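# Descriptive analysis of the structure
Below are the chains, spelled out letter by letter.
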Protein chains: 2
Amino acid sequence: MKNAPTYPISGRGPADHDVRDQIVAAATEHFSRYGYEKTTVSDLAKAIGFSKAYIYKFFESKQAIGEMICANCLREMECAVKAAVDEADRPPEKLRRMFKAIVEASLRLFSEDQKLYEIAASAATEHWQVTLAYEKRIQEMLQAILQEGRQSGDFERKTPLDETAAAIYLVMRPYLNPLILQHSFDSAEEAPAQLSSLVLRSLSP
Amino acid sequence: MKNAPTYPISGRGPADHDVRDQIVAAATEHFSRYGYEKTTVSDLAKAIGFSKAYIYKFFESKQAIGEMICANCLREMECAVKAAVDEADRPPEKLRRMFKAIVEASLRLFSEDQKLYEIAASAATEHWQVTLAYEKRIQEMLQAILQEGRQSGDFERKTPLDETAAAIYLVMRPYLNPLILQHSFDSAEEAPAQLSSLVLRSLSP
C-alpha cells in the first residue's frame, strides 16, 4: 500500500498514518482472500491481531477502510491510463491508448482481484466519493486530450468542447464502471479499437 | 397478449394456441404483480386455476413461459423503434430516432413494468435465445439505415460497413441491455441526443 493518502486530521502524528496504512494493507489482503461483503470489522480485527476498538480509532466503519482500498486501486488504474496516454505523441493516438488502457485496467481489476472488484462494485453502486472523484479525473484527462487535439489541428473545432467531451465520456463509461463492464466481457476485446476509431472519425476536422 | 407467436408444432390445433396465449396472458399479469423470480409454476397454476400438469403440457418450464413473455415485450419494443425510424425521411434523422426510441423503450419497460423487467434481466444474464434474436434484429435495422445513408450520400463510405455498424452497435448496447441500463439512469436523459450527434459526426462524408 504505497502512496496511501495522508489525511490532514489535526492531532494525528505520522505514527497514526503508519497504523492506518498497516490496517489498509492487512484489510486489502484479507478482503482479496475472503471478500469484502462477507467480512465484518470483527473478522478483520481478529485476522490482523488488533482489537476492534483499536481499528475503530482509525476508521469509522468497514466502508471507510473499503474506500481507502478503493482509492488506492483507482489511483493505480488512473496511473496506468495516464502512463499509456503519455507514451503517445499525437492527440489521436493518445485517445486510442486511453480507451485501450481503461478497458485493460478495468479487466485487470476484475480478473486478478475478483474479490477486490467486489469493493469497486459496492463503490459504484453506492456512489462512493472516491469513484466520483475518479470519474471526474478521467473526464479531465479526456478534456485535456481533446483540447490539445483542437490546438494541433488534429480534431475539429466546430462542436462545443463540453459537448464533445460529454459524448465521448458516455461512450467510455461502460468500460470504466465495473458494474457495467461485467456485462460487456464479450465485446471487451475489440471494443477499444472499434470505439476509438469511431470517436476519431467523429473528431476529424 | 395480442400477436403471441404461433409455434409450428405438428399435431397441435388452434385450440392449443389459445390455451398457450391464455397461460401467457395470465402469467404476464401474475409476474408483473408478484415478480418472476419468486413465482413458481405451482403458484402460477393456482393463480390461473389450471393444474400444474396442464401448464406443463404447454410449457416445459417457467423459463419457457418467461421466454414467451419476453419475446412479446421485445417485439413491442422493436415495433416502437421501427415505427420511430420509419417516421423519418433521411438516414441521419432515422439514426437519431433509433437512439431515442431505444432508450425510451428500455426505460418504459423499466418504469412501467418493474416486475416484467426482472424477466428481461434474467433473459439478458442467461443469454436467452429471444434476446439474442432481438439484438440481431436491432443490428439489422442499424445496418439498413447505414446502407441507405451511404447510398444517399449522407454517410461516408470509406470505412467498411461492418466495422461502422459494429462500432455504432457497441455505442447503443448499454441502452439496449436492461442490466446495463440500470446503471445509466443518470445519463439516460441526454444520452440519446449526445450519442447520436457523436455518431453522426463520425459518419459525415
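This structure is a prediction, so every number in the text was calculated from the model and none was measured. (Residues numbered from 1 in each chain as written. Chains lettered and ligands numbered in written order. Predicted model: local features only at pLDDT ≥ 70, side-chain atom pairs only at ≥ 80, totals over all residues. Heavy atoms only, no water.)

## Thoughts on the relation of the copies chain B and chain A
Selection criterion: Least squares is used to superpose the copies, and the fit set is the C-alpha atoms of residues whose pLDDT is at least 70 in both copies. In what follows, a contact means two residues having at least one pair of non-hydrogen atoms within 4.5 Å.
Superposing chain B onto chain A takes a rotation of 180 degrees plus a shift of 0.0 Å along the axis, which leaves an RMSD of 0.0 Å. Classification of the inter-copy transformation places it as that of a two-fold axis. For chain B, the smallest separation between a C-alpha atom and the rotation axis is recorded for Ser202 of chain B, amounting to 1.7 Å. In this assembly, 100% of the residues forming the interface of chain B have copies in chain A that are likewise at the interface, indicating an isologous arrangement.

## A word on the environment of Ile102 of chain A
All names here are of chain A. Worth spelling out the cut-off: Helical segments are the DSSP runs of H or I of at least four residues, strand segments are the runs of E of at least two, and each set is numbered from the N terminus.
With respect to the secondary-structure elements, Ile102 resides in helix α5 (residues 91–112). Distance in space between the C-alpha atoms of Ile102 and Tyr175 is 6.9 Å, their sequence separation being 73 residues. For Ile102, the contacting residues outside a window of four places in its chain are Val81, Ile138, Met172, Tyr175 and Leu176.

## Things to note about the interface of chain B and chain A
The criterion, for reference: Buried area: the accessible area, evaluated with a 1.4 Å probe, that two parts lose upon being put together, summed over both parts. Each salt bridge in this description consists of a side-chain nitrogen of Lys or Arg and a carboxyl oxygen of Asp or Glu lying within 4 Å of one another. Throughout this description, a polar contact denotes any pair of N or O atoms lying within 3.5 Å of each other; where both atoms belong to protein, one of them has to be capable of donating a hydrogen while the other can accept it, and for residues adjacent in sequence the pair is counted only when both atoms sit in side chains.
Counting from both sides, the interface comprises 27 residues of chain B and, opposite them, 27 residues of chain A. Taken together, the two surfaces of chain B and chain A that pack against each other cover about 2,200 Å², and 64% of this comes from carbon and sulfur. Per-residue buried area on chain B facing chain A is highest for Leu170, His183 and Arg201 of chain B; these three make up 29% of the total on that side. The partner of Arg201 of chain A in a salt bridge is Glu156 of chain B, and the shortest N-O contact between them spans 3.9 Å. Our enumeration of links across chain B and chain A arrives at 0 residue pairs in polar contact (both at pLDDT 80 or more). Going through the elements one at a time, α8 (161–176), α9 (178–181) and α10 (191–203) of chain B are the ones with two or more residues in the side of chain B that touches chain A.

## A short note on the nonpolar core
Applied cut-off: Working definition of a nonpolar core: buried Ala, Val, Leu, Ile, Met, Phe, Trp, Tyr and Cys residues. They are joined through side-chain atoms within 4.5 Å. Note on exposure labels: buried denotes an accessible area under 20% of the residue type's maximum, exposed denotes more than 50%, and partly exposed covers the range between, all computed with a 1.4 Å probe on protein chains only.
Ranked by internal contacts, the top residues of the largest apolar core, which has 134 residues, are Met98 of chain A together with Met98 of chain B. Each residue touching Met98 of chain A, except ones within four places of it in the same chain, is listed here: Val81, Val85, Ile138, Met141, Leu142, Ile145 and Met172 of chain A.

## With respect to the environment of Asn177 of chain B
For Asn177 of chain B, the location among the structural elements is in the loop between α8 and α9. Sequence separation between Asn177 of chain B and Ala124 of chain B is 53 residues, and the spatial gap between their C-alpha atoms is 7.0 Å.

## Section: the domain arrangement of chain A
You'll often see interface size given as the accessible area lost when the parts meet. All names here are of chain A. Our working rule: Here the limits of each domain have been adopted from an automatic or database domain assignment. Residue type decides the class: Asp, Glu, Lys and Arg count as charged, Ala, Val, Leu, Ile, Met, Phe, Trp, Tyr, Cys and Pro as nonpolar, and the leftover types, Gly among them, as polar.
Domain boundaries assigned for chain A yield domain 1 (14–64) and domain 2 (69–203). The centre of domain 1, based on its C-alpha atoms, is set 30 Å off from the matching centre of domain 2. Across the contact, 11 residues belong to domain 1 and 9 residues belong to domain 2. Buried surface at the junction of domain 1 and domain 2, summed over both partners, amounts to about 860 Å²; 64% is from carbon and sulfur atoms. Ranking the residues of domain 1 by area buried against domain 2 places Ser32, Tyr36 and Gln63 at the top, with a combined share of 46%. Inspection of the domain 1/domain 2 interface yields 0 salt bridges. Residue contributions to the side of domain 1 that touches domain 2 peak at 7 residues, all from helix α1 (residues 14–34). The residue inventory of the side of domain 1 that touches domain 2, partitioned by class, reads 5 nonpolar, 4 polar and 2 charged.

## Notes on the pattern of salt bridges
Residues and elements named next belong to chain A. Going through the model one piece at a time under the given rule, you end up with 22 salt bridges over all chains. Residues Arg97 and Glu87 are paired through a salt bridge, measuring 3.0 Å at the closest nitrogen-oxygen approach. Here Glu87 lies in helix α4 (residues 62–87) and Arg97 lies in helix α5, a separation of 10 residues in the sequence. Looking at Arg97, the relative accessible area reads 29%, which means it is partly exposed. In this structure, the salt-bridge partner of Lys94 is Glu148, at a minimum N-O distance of 3.3 Å. With Lys94 in helix α5 and Glu148 in helix α7 (residues 129–152), the pair connects residues that are 54 residues apart, well separated along the chain. For Lys94, a relative accessible area of 12% gives the class buried. Through salt bridges that share partners, Glu87, Glu93 and Arg97 make up one connected network.

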